[in-house]
Every structure is written in structure tokens, then in C-alpha cells.
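Chain by chain, the residues:
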Amino acid sequence: MRLEVFGAGPRRTGTSWLYTCLQQHDQLCFPKGVKETAFLNARFDKGWAWYWSHFQHWHEGQMCAEMGPGAFAVPQAVSRLWEHNSRCRIIVNLRDPAARSFSLWALFKNRGVVNGGFLEATRTEPRILESSRYRKYLKKWIQTFGRAQVHVILLEDIASSPHTVLDGVYHFLGIRAVPPPPGAREGVGARRMAAVPALARLAERGGSWLRERRLYGPIELAKRLGLKRSVFGGSWQSLPTLDAEARQRLIREFEPDIAYVEDLLDRPLHNWRQ
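Within each chain, residues carry numbers counting from 1 in the order of the written sequence. At least 70 in pLDDT is required for a residue's local features to be given in this predicted model, at least 80 for side-chain atom pairs to be given and counted, and no such filter applies to totals for whole chains, interfaces and linings, which use all residues. Hydrogens and water are ignored here; the side-chain numbers use all heavy atoms of the structure.

The rule for a salt bridge is simple: a side-chain nitrogen of Lys or Arg has to be within 4 Å of a carboxyl oxygen of Asp or Glu. Applying the stated criterion across every chain yields a total of ten salt bridges. Linking Glu-262 and Arg-273 is a salt bridge whose minimum nitrogen-to-oxygen distance equals 2.7 Å. Of the two residues, Glu-262 is situated in helix α14 (residues 255-265) and Arg-273 in the segment after α14; the sequence distance between them amounts to eleven residues. A 1.4 Å probe rolled over the protein chains alone gives each residue an accessible area, and that area as a share of the maximum for its type sets the label: buried under 20%, exposed over 50%, partly exposed in between. Here Glu-262 falls in the buried class, since its relative accessible area comes to 15%. According to the relative accessible area criterion, Arg-273 is partly exposed, its value standing at 27%. Under the DSSP-based scheme used, a helix requires at least four consecutive residues in state H or I and a strand at least two consecutive residues in state E, with every element numbered from the N terminus.

Structure below.
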């Protein structure tokens, strides 16, 4: 078995939408019970036997695939995947880097990874900004696997033309085009804020403990019972907004990354600078 399709992320760019659209395709086989094993970037010491135990439902003719948004800014993950299969197809989702960083802060705050406001968190948790440095990390994926094996999609295109984006992914993977499942676009790029941060932090730690041991059943049951919504609470609109001055600072900081993506896609991204 080989991993033939890998969604490299980064987080908060529409990877859950892509996973929802692809996971039931009969030509693809995703890890059973979990979206992201974090094997390449965080659990590589568990060994390939542990990883392949997630694919016991695989059958002949399917391509093994995984969404791994946590691996985007981890150079070791790139090398590990290339050494495993240098012909792997890589999908990279991108988003306005300032908005993506702010959204990742909200995710980390929800999970109890960081405390305090956005600017304070960027100093204590470098991943918030680092994984938006597309010129550094996307360039690494492309240099390693080659431009032809890296397919880039933008969150705003998912929002405006999901069928076109999905058709492009199907073509890139060489698989049959099928319609997305109902409700696939709901909450794309959105994030709730936890009603009780301490409870959310405890739930995140418990979920991590279960994932380490491949005990995905209780996690899925909690989702079906609505416990995830109860813990993380709030409405889609409850996320704080990034003030204009802070956003302008981020735009200046990410200018080389915006310019890199524009050049790569031969497409102006004026909205990323607004």
C-alpha cells in the first residue's frame, strides 16, 4: 500500500469541506474513523504499521488518501512523504493569510492551546503566523514533489464556485467526477467560540488521548450526540473580528507570501490586501 493523495492543508482553509466531498468517493480510501491521523507531522514514531491499521477497509483499485492540514508547515512531513512515495499527489488549500491566521487563533483558543487575545497568542504560539508563510512552505512542497504534482485551491473559490473547484480536484486526481454530498458547503471557513473554555480544553485533551490510541468511536459518538456543539457552543457569528490596524500589519508581513501565490497561480489577489 502507498499513500497516493495527501491534502497538505494548512488549517482553516477549507480542508474539512474537501474531506467531506472526497471521503465517500469509491475510488479513494481515507483513514477510518478520523479525518487527520497527524502521522507524518506528529505521530511518525508510531511507525507505518500503526498508520496502515487505519486502512484495513481498503480494497483493490482504491487510492489511499488523507487530509493532513497540520503537516503543511512541517518540513519533516514533506520529506517523510516523499521518501514513502515521490509520486504522491498533493492538494494545498490556501486562504488570505491574515484571515487564516486569525481563524487559526480562534481554533487554538477554542481548544485551549492559547489564552488571551490574538496578538498575544502570536507571540506564544508561532504556528499561528508561521503556517501562513506560503512562500516558505508551499515552495517546499513544490520543490520536493514538482509543480505538476501539487494542486492549489483557494477558499474564496470554494465559496463562490464549489463545483468548479471539485471538478478540478477530480481531474487532478484522475478519478470520476461525482456531485458533492448535501450540505457540504455549510460552515466553510467558519468557527465557533467555546462557551466554556475550560471545558473545551478538557475535551480537546481527552480527544487527543483517544486519537493517540485509535479510539475514534467515542469521538464520533460525541459528534453524533451533539456534544461537540454543546462544548464549543456559540453561533457562527460569535467569532471576534480582527481590527483594521492589526490586519494592516499582517498584510504587510505577508506581502511576500501573497505575491508568491499570485505569481504561482498567475492571478491577482487584491482581496487578500484589503
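There is more to say, and it comes next.
Let us look at helix α3 (residues 75-84). Looking at α3, one finds that the buried residues are Ala-77, Val-78 and Leu-81. Projected onto a plane normal to the axis of α3, the buried residues spread over an arc of 100 degrees and lie on a single side. Contact definition: two residues touch when any of their heavy atoms are within 4.5 Å. Lining the buried residues of α3 we find β1 (3-9), β4 (89-94) and α7 (134-145). Working note: the arc is built from the helix axis to C-beta atom directions.

The omega torsion of the bond from Gly-9 to Pro-10 falls at 0 degrees, within 30 degrees of zero and hence cis. One can find Pro-10 in the loop between β1 and α1 (15-22). With a phi angle near 65 degrees, Arg-12 is a residue other than glycine that sits in the positive phi range. Here Arg-12 is to be found in the loop between β1 and α1.

Throughout, an axis means a line fitted to C-alpha atoms (over the contacting stretch in the case of helices), and angles, computed between N-to-C directions, take values from 0 to 180 degrees. It is the contact of α7 with α14, at a shortest axis distance of 8 Å, that shows an interaxial angle of 40 degrees. Touching Tyr-134, Arg-135, Lys-136, Leu-138, Lys-139 and Ile-142 of α7 are Pro-256, Asp-257, Tyr-260, Val-261 and Leu-264, all from α14. Ten residues, namely Ala, Val, Leu, Ile, Met, Phe, Trp, Tyr, Cys and Pro, are considered nonpolar, four, namely Asp, Glu, Lys and Arg, are considered charged, and the remaining ones, Gly among them, are considered polar. Considered class by class, the residues forming the contact of α7 with α14 number seven nonpolar, no polar and four charged.

Let's shift gears to the sheet that holds strand β5 (residues 150-154). DSSP calls a pair of strands paired once it identifies at least 2 bridges connecting them. The strand order β2-β3-β1-β4-β5 describes an open sheet built from five strands, whose pairing is parallel. Pairing within the sheet leaves two strands with one partner each, and these edge strands are β2 (28-29) and β5. In the sheet, β1 pairs with β4 via four bridges, with the strands oriented parallel. Each bridged residue has a counterpart across the sheet, and for Phe-6 the counterpart in β4 is Ile-90.

Stacked, edge-to-face and tilted are the three classes for Phe, Tyr and Trp ring pairs, Trp counted by its six-membered ring, which pair at centre distances within 6.5 Å; planes under 30 degrees apart are stacked, over 60 edge-to-face, the rest tilted. Inspection of the entire model under this criterion finds 19 aromatic pairs. Residues Tyr-19 and Phe-30 carry aromatic rings whose centres are separated by 5.6 Å and whose planes lie at 85 degrees to one another, so their mutual orientation is edge-to-face. Here Tyr-19, found in helix α1, pairs with Phe-30, found in the loop between β2 and α2 (47-52); they are eleven residues apart in sequence, far enough to count as distant. Neither residue differs from the other here; Tyr-19 and Phe-30 are each classed as buried. What links up through ring pairs into an aromatic cluster is the set Phe-39, Phe-44, Trp-48, Trp-50, Tyr-51, Trp-52 and Phe-55.

This part is about the packing of α1 against helix α9 (residues 162-173). Between two packed helices, the angle of one axis relative to the other and the distance separating the axes together describe the packing. The contact between α1 and α9 brings their axes to 12 Å, and the two run at 65 degrees. The angle between α1 and α9 falls in the class roughly perpendicular. Once α1 is placed against α9, the crossing between them reads as right-handed. Across the interface between the two elements, Trp-17, Leu-18, Cys-21 and Leu-22 of α1 pack against Pro-162, Val-165, Leu-166, Val-169 and Tyr-170 of α9. Comment on the angle field: the value is read as roughly parallel under 35 degrees, roughly antiparallel over 145, roughly perpendicular from 65 to 115, and oblique elsewhere. Rotating anticlockwise by less than a right angle from the far helix to the near helix defines a left-handed crossing, while the corresponding clockwise rotation defines a right-handed one.

So, on to the environment of Cys-29. Along the chain, Cys-29 falls in strand β2. Taking the relative accessible area as the measure of exposure, Cys-29 reaches 1% and is therefore buried. Residues Cys-29 and Glu-4, 25 residues apart in the sequence, show an inter-C-alpha distance of 9.9 Å. When sequence neighbours within four positions are dropped, the list of residues in contact with Cys-29 reads Phe-55, His-57, Trp-58, Gln-62, Met-63, Cys-64 and Ala-65.

Another aspect to go through is the pairing of strand β3 (residues 63-67). Most of β3 sits inside the fold, with five of its five residues counted as buried. Here β3 shows a buried face lined by Met-63, Ala-65 and Met-67 and a second buried face lined by Cys-64 and Glu-66. In the sheet, β2 pairs with β3 via two bridges, with the strands oriented parallel. If you follow Leu-28 over to β3, its bridge partner there is Met-63. We call a crossover right-handed when, viewed with both strands directed away from the observer, the connection leading from the first strand over the helix to the second proceeds clockwise. Each parallel crossover has a hand, and the one from β2 via α2 to β3 is right-handed.

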